[in-house]
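For reference, the chains in residue letters:
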Amino acid sequence: MLFDVDQLTFRYEGNAALNNLSLSIPEASRVALLGANGSGKSTLLRVLDGLHFGASGVARFRGEDLSEEHFADDQWAFAFRRQVGLVFQNPDAQLFNPTVFDEVAFSPLQMRWSKADIKERVMETLDFLQIGHLKDRPPQRLSGGEKKRVALASVLVLDPAHDQRAHAPIANRKRFLHRVICRLQIPQSQRAGPVYRTGGAVCIR
Ligand SMILES: Nc1ncnc2c1ncn2[C@@H]1O[C@H](COP(=O)(O)OP(=O)(O)OP(=O)(O)O)[C@@H](O)[C@H]1O
Ligand SMILES: [Mg+2]
């Protein structure tokens with residue numbers, strides 16, 4: 001299992017946000033987490049990212065407990081962060097660097113990639129998400145959707161294919177990103193006017 005959660009309870013100051021929750025997420029699956037406002041979706045994602053720890057029960061990533069003890073082990077935490085990224089619901093809570101470029105370069109810098117690798121990979125990720133032209137802009141001065149793209153870029157930049165990147169053709173890495181963000185991009189052919197239709201929804205740009 002990629003993630004499994006067993007009888008997990010999490011409380012904010014005594015109020016249970018997750019109550020005796022159990023679930024499993026298999027490897028290579030794409031899962032949508034649905035529920036009413038306040039039902040605990042973001043709390044669960046924070047537990048799965050090791051930002052919150054349950055009062056009882058257990059959450060595991062590939063069979064290993066997401067415990068405070070494990071996260072206190074730098075090597076373990078480093079390997080986990082290399083594999084699991086969380087895009088925050090509110091990008092303002094995630095973006096804190098002076099420019100979009102710095103924001104997306106932050107995690108690779110923590111991972112001590114070479115400067116040349118960071119520059120290439122950050123620009124590749126920004127261009128892929130069609131925000132390359134915003135690289136020098138402070139994240140606070142972006143639209144809501146652009147902020148979301150920057151938050152997404154700052155997680156996708158660490159894609160797990162990176163370790164093989166020296167040998168992987170660019171097309172493979174792009175296919176990987178495509179699988180992850182699944183139709184986020186709007187085909188060029190549909191960008192004819194300021195208002196257009198895609199899949200039944202009206203989009204304004
Ligand atoms: N920092 C916090 N302190 C106290 N209670 C909180 C905090 N964050 C969330 N809660 C409460 O925990 C419960 C679950 O919140 P959570 O943010 O996980 O819901 P959600 O399913 O992500 O909701 P939404 O659809 O609105 O994003 C709610 O009752 C909420 O009021
Ligand atoms: Mg939420």
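The preceding data block contains the structure.
Our subject in this report is the structure included herewith. Computed from a prediction, not measured in an experiment: that's the story for all the values here. (Residues numbered from 1 in each chain as written. Chains lettered and ligands numbered in written order. Predicted model: local features only at pLDDT ≥ 70, side-chain atom pairs only at ≥ 80, totals over all residues.)

**Topic: the pairing of strand β1 (residues 3-12)**
Our working rule: What makes two strands pair is DSSP finding at least two bridges between them. By definition, any uninterrupted DSSP run of H or I lasting at least four residues is a helix, any uninterrupted run of E lasting at least two residues is a strand, and each is numbered from the N terminus.
Direction of pairing for β1 relative to strand β2 (residues 15-25): antiparallel, over a ladder of 7 bridges. Residue Phe-10 lies in a different strand from β2, and its bridge partner there is Leu-18. Two successive antiparallel strands, β1 and β2, enclose a turn made up of 2 residues, where Glu-13 displays a positive phi of approximately 40°.

**Side note on the packing of helix α4 (residues 100-110) against helix α6 (residues 144-156)**
Rules: Structural elements are reduced to axes, namely lines fitted to C-alpha atoms, with helices fitted over the stretch in contact, and the angle between N-to-C directions of any two is expressed from 0 to 180 degrees. What sets the label is the angle itself: under 35 degrees gives roughly parallel, over 145 gives roughly antiparallel, 65 to 115 gives roughly perpendicular, and the rest give oblique. Left-handed is the label given to a crossing in which the near helix is rotated counterclockwise from the far helix by less than a right angle, and right-handed is the label when the rotation is clockwise. Any residue pair is listed as a contact if its two C-beta atoms, each placed from the backbone, are within 7 Å.
Where α4 contacts α6, the two axes come as close as 7 Å, and the packing angle between them is 30°. With respect to α6, the axis of α4 lies roughly parallel. By crossing handedness, the relation of α4 to α6 is classed as right-handed. Across the interface between the two elements, Val-100, Glu-103, Val-104, Phe-106 and Ser-107 of α4 pack against Val-150, Ala-153 and Ser-154 of α6.

**Description of the nonpolar core**
Our working rule: As used here, a nonpolar core is made of buried Ala, Val, Leu, Ile, Met, Phe, Trp, Tyr and Cys residues. They are joined through C-beta atoms within 7 Å. Remark: C-beta atoms are placed from the backbone, and a residue is labelled buried if 20 or more other C-beta atoms sit within 10 Å of its own, exposed if 12 or fewer do, or partly exposed between those counts.
Core analysis: the largest hydrophobic core is formed by 20 residues, its most contacted members being Val-104, Val-122, Ile-131, Val-150 and Ala-153. If you list the elements that add at least two residues to this core, you get α4, α5 (115-128) and α6. At 5 residues, α6 tops the list of elements feeding residues into this core. Look past the residues within four positions of Val-104 in its chain and what remains in contact with it is Val-122, Thr-125, Leu-126, Val-150, Ala-153, Ser-154 and Val-157. Judged by nonpolar contacts, the second largest core, of 11 residues, contains Phe-3, Val-5, Val-47 and Leu-48.

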